[in-house]
Amino acid sequence: YLSLDGNNFSGTIPDVFGNLQHLERVYLNFNDFNGVMPKSLCTLRDDAVLKDLWSDCGGYPITCTCCTVCCDMVAECNEMDSQKGN
């Protein structure tokens, strides 16, 4: 897994995850990322390789249509309805 949560990273998330075919969990929440979740991470979710993808998409300036959990700026995280059971 890749756990980068709570590091105050900022900027966009690079699209470099496509070759990580055994990556099952990614935690990017509680940072200051912005932009759109990289296509390579969403593809891993679509292919059922990546089981958990947490991000600050519940109130931060990041768009994520493939995240399993979205967190907000008050440290609350919620499972996304569209991703339940995936």
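The structure this text deals with has already been given above.
Cut-offs and rules
Residues numbered from 1 in each chain as written. Predicted model: local features only at pLDDT ≥ 70, side-chain atom pairs only at ≥ 80, totals over all residues. Heavy atoms only, no water. Helix = DSSP H or I, 4+ residues; strand = E, 2+ residues; numbered from the N terminus. Buried < 20%, exposed > 50% of the residue type's maximum accessible area, 1.4 Å probe, protein only. Disulfide = S-S within 2.5 Å. Lys, Arg positive; Asp, Glu negative; His and termini not counted. Salt bridge = Lys/Arg side-chain N within 4 Å of Asp/Glu carboxyl O. Polar contact = N/O pair within 3.5 Å; in protein donor to acceptor, adjacent residues only side chain to side chain. Contact = heavy atoms within 4.5 Å.

Colleague: Any chance you could explain the environment of V16 here in plain terms?
Modeller: If you trace the backbone, V16 turns up in the loop between β2 (10-11) and β3 (25-27). Using a relative accessible area of 58% as the deciding quantity, one classes V16 as exposed. Placed 22 residues apart in sequence, V16 and P38 show a C-alpha to C-alpha distance of 8.1 Å.

Colleague: Could you clarify how one ought to interpret the state of the cysteines in this entry?
Modeller: Formally, a disulfide is one covalent bond, and it connects the sulfur atom of one cysteine to the sulfur atom of another. Taken as a whole and assessed by the stated rule, the structure comprises four disulfides. Between the sulfur atoms of C42 and its disulfide mate C66 the distance is 2.1 Å. In this structure the cystine formed by C42 and C66 twists about its S-S bond by roughly -65°; its chirality is therefore left-handed. On the criterion of sequence distance, the pair formed by C42 in helix α1 (residues 39-46) and C66 in the loop between β7 (62-63) and β8 (69-71) is long-range, its members being 24 residues apart. An identical accessibility class is assigned to C42 and C66; each is buried. Here C64 engages in a disulfide with C67; their sulfurs sit 2.0 Å apart. The S-S bond linking C64 to C67 shows a torsion near 105°; that makes this disulfide right-handed. The pair C64 / C67 is uniform in exposure class, with both members buried.

Colleague: Would you take a moment to explain the side chain of D56 for this structure?
Modeller: Position of D56 among the secondary structure elements: in the loop between β6 (52-55) and β7. The side chain of D56 is buried and forms no salt bridge, while R45, the nearest opposite charge, is found at 16 Å. Looking at D56, its side chain comes within polar contact range of the main-chain nitrogen of F30, at 2.6 Å. A distance of 2.7 Å separates a polar side-chain atom of D56 from the backbone nitrogen of N31. For D56, the residues in contact, after removing those within four places along its chain, are L28, N29, F30, N31, I62 and C71.

Colleague: Just checking my understanding: could you explain the side chain of S55 for this structure?
Modeller: Here S55 lies in strand β6. Sequence-distant contacts of S55, that is, excluding residues within four places in its chain, are made with L28, N29, M37, I62, C67, V69, C70 and C71.

Colleague: What should I look at first to understand the pattern of salt bridges in this one?
Modeller: Opposite charge on two side chains permits them to pair, given that their charged atoms come into close proximity. Overall, the coordinates contain one salt bridge when judged by the stated rule. Notably, a salt bridge pairs R25 with D52, separated by 3.8 Å at the nearest N-O pair. Of the two residues, R25 sits in strand β3 while D52 sits in strand β6, which places them 27 residues apart along the sequence.

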